[in-house]
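Architecture at a glance
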Amino acid sequence: MTKRKKGDPRVDTWVNALITGVLSGMVASLLFLLALRQLRPKIKISPFIARDVNSLGEVRYRFKVVNRSLRPAVDVGVYLYRDRPKKVSGGTSAIHSLKRIPISDIHINLIPGRRVGDKDARHARRYKCDADLLEYWPNDEFESVVLKIVCRDGFTGVCRVVEQRFELHSTIRDGVFAFGDSLDVV
């Protein structure tokens, strides 16, 4: 058996190849994750809640969601909560107690991608609160309402969670949402 000398070029070559391989693998993985991050659905939620009265005199509250990506958002879950912070003994910060508020049209689990010339604006969805929102949210001093959208990209399957928090009753606007990409209440 031959003894290797210090500074043997075969060892240096092997170590360099190992370091180069590990670094290039890490860079490739990072670039792949950044590319997948860009392929997540681009979901926007209106910062306002639209309130209108139907012909029977019932008050309806609606939330608007727009898919701004070109690919469809699939496996869409829509969740509406009342968030009430509570203090706990021994804790330095409050915990959040969430109470589910019923919302309609949650069975529609696809929001199509945005298309140029789509006169029906299928990529924009409105969700209606099935209950009187102010019964669940009587006090905006300590409570807020949270709308959460959980969905996946229709091509890559990458998940996205988008959340809009409504802190004050002033976010409720009388009227209906404007058509299309607009998130305003008119």
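Scope of this entry: the structure provided in the associated data block. Given the structure is predicted, the values throughout are model-derived calculations rather than measurements. Numbering of residues starts from 1 in every chain and runs along the sequence as written. Given that the model is predicted, a residue must reach a pLDDT of at least 70 before its local features are reported, and side-chain atom pairs must reach 80 or more before they are shown or counted; all residues, however, enter totals for whole chains, interfaces and linings. Only hydrogens and water are removed before side-chain values are computed, so all heavy atoms of the structure are retained for them.

1. Description of the nonpolar core
In terms of nonpolar packing, the biggest core is built from 25 residues, with Phe 63, Leu 80, Leu 133 and Leu 147 touching the most fellow members. Each residue touching Leu 147, except ones within four places of it in the same chain, is listed here: Ile 45, Phe 63, Val 65, Val 78, Tyr 79, Leu 80, Ile 103, Val 162, Glu 163, Gln 164 and Phe 166. The set of buried Ala, Val, Leu, Ile, Met, Phe, Trp, Tyr and Cys residues whose side-chain atoms join them within 4.5 Å is what this entry labels a nonpolar core. In this scheme, a residue with accessible area under 20% of its type's maximum is buried, one over 50% is exposed, and one in between is partly exposed, where area comes from a 1.4 Å probe on protein chains only. Whether two residues are in contact is decided by their heavy atoms: any pair within 4.5 Å suffices.

2. Description of the pairing of strand S2 (residues 49-53)
Being paired, for any two strands, means DSSP has found at least two bridges between them. A run of H or I in DSSP becomes a helix once it reaches four residues, and a run of E becomes a strand once it reaches two; helices and strands are each numbered from the N terminus. Of the pairings in the sheet, the one linking S2 to strand S10 (residues 172-174) comprises 3 bridges and is parallel in character. Following the sheet pairing, Arg 51 is matched in S10 by Asp 174. By the bridge criterion, 4 bridges tie S2 to strand S3 (residues 59-67) in an arrangement that is antiparallel. If you follow Ala 50 over to S3, its bridge partner there is Arg 62. Following S2, the chain reverses through 5 residues before pairing antiparallel with S3; Gly 57 in that reversal takes a positive phi of roughly 85°.

3. Things to note about a nonpolar patch on the surface
Exposure above 30% relative accessible area and the lack of any salt bridge qualify a residue for a patch; like charges then connect within 9 Å, and the nonpolar side chains Val, Leu, Ile, Met, Phe, Trp and Tyr within 5 Å. In this description, accessible areas are obtained by the Shrake-Rupley approach with a 1.4 Å probe, and a residue is regarded as covered only by the protein chains that are shown. Counted as salt bridges are all cases of a side-chain nitrogen of Lys or Arg within 4 Å of a carboxyl oxygen of Asp or Glu. A surface patch of nonpolar side chains, about 750 Å² in accessible area, is lined by Val 11, Trp 14, Val 15, Leu 18, Ile 19, Val 22, Leu 23 and Met 26. By the secondary structure assignment, Val 11 is in helix H1 (residues 9-38). Residue Val 11 is classed as partly exposed on the basis of its relative accessible area of 33%.

4. Observations regarding the pattern of salt bridges
According to the stated counting rule, one finds 12 salt bridges in the structure shown. Notably, a salt bridge pairs Asp 118 with Arg 122, separated by 3.1 Å at the nearest N-O pair. With a shortest N-O distance of 3.9 Å, Glu 167 and Arg 165 are connected by a salt bridge. Under the relative-accessibility criterion, Glu 167 is labelled partly exposed at 42%.

5. Considering the packing of aromatic side chains
Ring pairs are drawn from Phe, Tyr and Trp, using the six-membered ring of Trp, whenever the two centres fall within 6.5 Å, and their geometry is named by plane angle: stacked under 30 degrees, edge-to-face over 60, tilted for the rest. Counted according to the given criterion, the structure contains 1 aromatic pair. Ring centres of Phe 63 and Phe 166 lie 5.6 Å apart, and the angle between their planes is 55°; this geometry places the pair in the tilted category. Taken together, the residues span a long stretch of sequence, with Phe 63 in strand S3 and Phe 166 in strand S9 (residues 159-166) at a distance of 103 residues. Take Phe 63 and Phe 166: they sit in the same class, and that class is buried.

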